[in-house]
Amino acid sequence: MSKTVETEGALETRGIEQVPDHERTAKTRELFPTWVGANISVLLLTMGASLVVAYHLNIWQALVVAVAAPVVSYGLVGLIGIAGKRGGAPGMALSRAVFGQRGNLLPGSLIWIARWGWETINAVTGAYAMLTILDILFDIKANSVLDMVTLLAFVVATFAISGLGITAVQKCNTYATYLFGVFSVLVLGYLVANTDWSKVMDHSAGSTAAVITGIGMIAAGGVSWIPSAPDFTRYLPRTASSKAIVGTAVGGAGVVVLPMVLMGAVMAVSTPDLASASDPVSFLGEILPTWIAVPYLFIALIGMLLINSMSMYSAGFTAQTLGITVPRHWAVSVNAVISLLFGGVLMLVATSFMGSFIAFLSLLAVAFSAWVGVFGADMLSRTEYDGRAMADTTRTSAYWYKGGFSPAAVAAWAVGLVSGLMFTTSDWFTGPLATNNVIGEYGLGWVATIVISGVLYLVLPKPAAVRPATGAPAEESETLAV
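Residues numbered from 1 in each chain as written. Predicted model: local features only at pLDDT ≥ 70, side-chain atom pairs only at ≥ 80, totals over all residues. Heavy atoms only, no water.

A.B. asks: Hey, could you run me through the overall build of the protein chain in this one?
C.D. replies: Regarding its fold elements, the protein chain presents 20 helices and zero strands. For the protein chain, the proportion of its 482 residues judged to be buried stands at 59%. Within the protein chain, contacts between residues at least 6 apart in sequence are counted, and of these 87% link residues at least 24 apart. For the protein chain, the exposed surface amounts to about 18000 Å²; the carbon and sulfur share of it is 67%. (Helix = DSSP H or I, 4+ residues; strand = E, 2+ residues; numbered from the N terminus. Buried < 20%, exposed > 50% of the residue type's maximum accessible area, 1.4 Å probe, protein only. Contact = heavy atoms within 4.5 Å. Areas by Shrake-Rupley, 256 points an atom, 1.4 Å probe, with all protein chains shown as cover.)

Shown next, in the form of structure tokens:
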């Protein structure tokens, strides 16, 4: 990332305030490794295996899922990321312009809580990667004490990277992109040479409903990044290409998701237990030779560190918008402590990691999608954000609306959220409309959430349009078409 007044040192000090135009010197190409890093997760291998074992898809259907999922989810990430270059502020700060200063606390709180679960899952996976490396290299077997030690080490490292700020995150993502590429080629080559391809190709096809549900499962991870997209685009100049923002998001995610999901699907043919393993990492030590497994596990560990660092980086902004009045790097520590506590419970108590993970993904997607529908619909007509109004949380703010709430945005968000949950099914929760209709049977509860909340927001009467009181001139009008 290009250096600015606030980021040229080791520690980024800027919080949720709007970035001045003279500091917005980043390049869209710098977003590519960001979205690569956001997807370097060994869990994609396990989810790819689930497509074969749980969803009964063949390799060609798994290919469709692996292509469609990042296009759908990271297409939305890129589109919402356009708001970052328009407003120069984090996503949940820009959200104040849509929901109102008080109204924004509702989706903000839910998104913040949902991030606890996402960061917990990532922390546990990272700890499992460390445990597997110790087992392979030193024959040190996991136990309750070692579980907690590795989890603590992972969370502390995550806090260090995310606390430093966006420059540290993006530099780490750049290095990880090259390492991941090299070792993924090695793993792919090994699988090509050692897989019984006749067995892979002979696998029978699954249903269309299963394909669409599989797309939703893989896409849910990308959906969780949508509210954070402006956090990583706010240093872009107003003139940055919207097409490039979307393209780097889809491309960066796609180059990771496509091969890893396919590799997981191929691995599942010879190791079907992969999809239901209580430990989603150790299987790599069993399937791959040590000379490939160990470095690849190191890359997986680095990837999980980066994913959690990015998530905690954004969570720090969300915490600040909720009124936690501490510097961003200390706001990050709140999520670090929570992921440590919840991660300990998951590692010591949970019996089915993947079952818990997939159930969480289905609910996570709905929780984030309600905000996406409203915020995205608002972007169709809003090309500017008033930095002074976003920072003013009192009644004098132009974004105070009615008692601090935008009735249209809050109502559309709430109705979309409830409606989406009614169409959603998981191991933890099944909505009353999750069966006997296409939406429920095809796992489209999160899509219904976006559509319902977005359309409702468009048709409801909204507060008077807000124009910037002072500041930089408006950027040229543009649409979300790419």
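More follows now that the structure is in view.
A.B. asks: Sorry if this is basic, but what is going on with the packing of aromatic side chains here?
C.D. replies: Tallied over the full model, the rule gives seven aromatic pairs. On the numbers, 6.2 Å between centres and 70° between planes, the contact of tryptophan 35 with tryptophan 225 is edge-to-face. Of this pair, tryptophan 35 sits in helix 1 (residues 31-37) while tryptophan 225 sits in the loop between helix 10 (208-223) and helix 11 (229-233), and the two are 190 residues apart along the sequence. With relative accessibility at 2%, the residue tryptophan 35 sits in the buried group. (Phe/Tyr/Trp six-rings, centres within 6.5 Å; stacked < 30°, edge-to-face > 60°.)

A.B. asks: Looking at this model, I keep getting lost on the pattern of salt bridges. Mind explaining?
C.D. replies: Two side chains of opposite charge can pair, provided their charged atoms sit close to one another. Under the counting rule described, the total for this entry stands at five salt bridges. As a salt-bridge pair, aspartate 378 and arginine 382 come within 2.6 Å of each other at their nearest N and O atoms. Beyond isolated ion pairs, a larger network of salt bridges with shared partners links Asp21, Arg24 and Arg238. (Salt bridge = Lys/Arg side-chain N within 4 Å of Asp/Glu carboxyl O.)

A.B. asks: How do you make sense of helix 14 (residues 290-321) when you look at a structure like this?
C.D. replies: Two residues of an α-helix separated by three or four positions point the same way, owing to the 3.6 residues in each turn. Helix length check: helix 14, at 32 residues, gives a terminal C-alpha distance of 46 Å against a target of 46 Å (1.5 Å per residue), a fit within 8%. The element helix 14 is extensively covered by neighbouring structure, given that 28 of its 32 residues are classed as buried. (Expected span 1.5 Å × (residues − 1).)

A.B. asks: Sorry, what's going on with the side chain of asparagine 39 here?
C.D. replies: Position of asparagine 39 among the secondary structure elements: in the loop between helix 1 and helix 2 (43-53). Taking the relative accessible area as the measure of exposure, asparagine 39 reaches 8% and is therefore buried. A polar side-chain atom of asparagine 39 sits 3.1 Å from a polar atom in the side chain of tyrosine 74. Every residue in contact with asparagine 39, bar those within four places of it in the chain, is listed here: Leu44, Tyr74, Ala253, Val256, Val257, Met260 and Ile307. (Polar contact = N/O pair within 3.5 Å; in protein donor to acceptor, adjacent residues only side chain to side chain.)

A.B. asks: It is not clear to me how the packing of helix 2 against helix 10 should be interpreted in this structure. Could you clarify?
C.D. replies: Each pair of packed helices can be described by the angle between their axes along with the distance between the axes. It is at 11 Å that the axes of helix 2 and helix 10 come closest, and there the two elements cross at 170°. Judged on the interaxial angle alone, helix 10 and helix 2 are roughly antiparallel. Side by side, helix 2 and helix 10 meet where Leu44, Met47, Ser50 and Leu51 of the first sit next to Gly214, Met217 and Ile218 of the second. A per-class count over the contact of helix 2 with helix 10 returns five nonpolar, two polar and no charged. (Axes fitted to C-alpha atoms, helices over the stretch in contact; angles between N-to-C directions. Parallel < 35°, antiparallel > 145°, perpendicular 65-115°, else oblique. Nonpolar A, V, L, I, M, F, W, Y, C, P; charged D, E, K, R; others polar.)

A.B. asks: I would appreciate a short explanation of the side chain of arginine 238 in the present structure.
C.D. replies: Position of arginine 238 among the secondary structure elements: in the loop between helix 11 and helix 12 (242-270). A polar atom in the side chain of arginine 238 sits 3.3 Å from the backbone oxygen of arginine 86.

A.B. asks: Before we go on, may I ask you to explain the packing of helix 3 (residues 59-87) against helix 10 in this structure?
C.D. replies: Close contact between helix 3 and helix 10 brings their axes to 8 Å; oriented N to C, the two are set at 40°. When the interaxial angle is binned, helix 3 and helix 10 end up oblique. Handedness of the helix 3/helix 10 crossing: right-handed. Across the interface between the two elements, Gln61, Val64, Val65, Ala68, Ala69, Ser73, Tyr74 and Val77 of helix 3 pack against Val211, Gly214, Ile215, Ile218, Ala219, Gly221, Gly222 and Val223 of helix 10. Tallied by class, residues from the contact of helix 3 with helix 10 come to 11 nonpolar, five polar and no charged. (Left-handed = near helix turned anticlockwise from the far one by under 90°.)

A.B. asks: Would you explain helix 6 (residues 105-138) in this entry?
C.D. replies: Spanning 34 residues, helix 6 covers 48 Å between terminal C-alpha atoms, matching the ideal 50 Å at 1.5 Å per step. One or two residues past the end of helix 6 sits aspartate 139, with phi positive at roughly 55°.

A.B. asks: What is the right way to look at the environment of isoleucine 121 in this model?
C.D. replies: Looking at the element boundaries, isoleucine 121 is found in helix 6. On the basis of relative accessible area, isoleucine 121 is assigned to the buried category, the value being 6%. For the pair isoleucine 121 and leucine 346, spaced 225 residues apart in sequence, the C-alpha to C-alpha distance is 8.3 Å.

A.B. asks: Got a minute to help me understand empty space enclosed by the protein in this structure?
C.D. replies: Applying the stated criterion to the full structure yields four cavities of 30 Å³ or more. Within this model, the largest cavity holds a volume of roughly 170 Å³. Around the largest cavity, the lining is made up of 19 residues, and of these Asn39, Leu44, Met47, Trp118 and Gly221 lie nearest the centre. It is helix 3 that contributes the most residues to the lining of the largest cavity, four residues altogether. Here the residues of the lining of the largest cavity are counted per class, giving 13 nonpolar, six polar and no charged. (1 Å grid on protein atoms, 1.4 Å probe; cavity = no way out; pocket = protein on both sides within 12 Å on 5 of 7 lines; lining within 4 Å. Points joined across faces, edges and corners; volume = space filled by probe spheres on them.)

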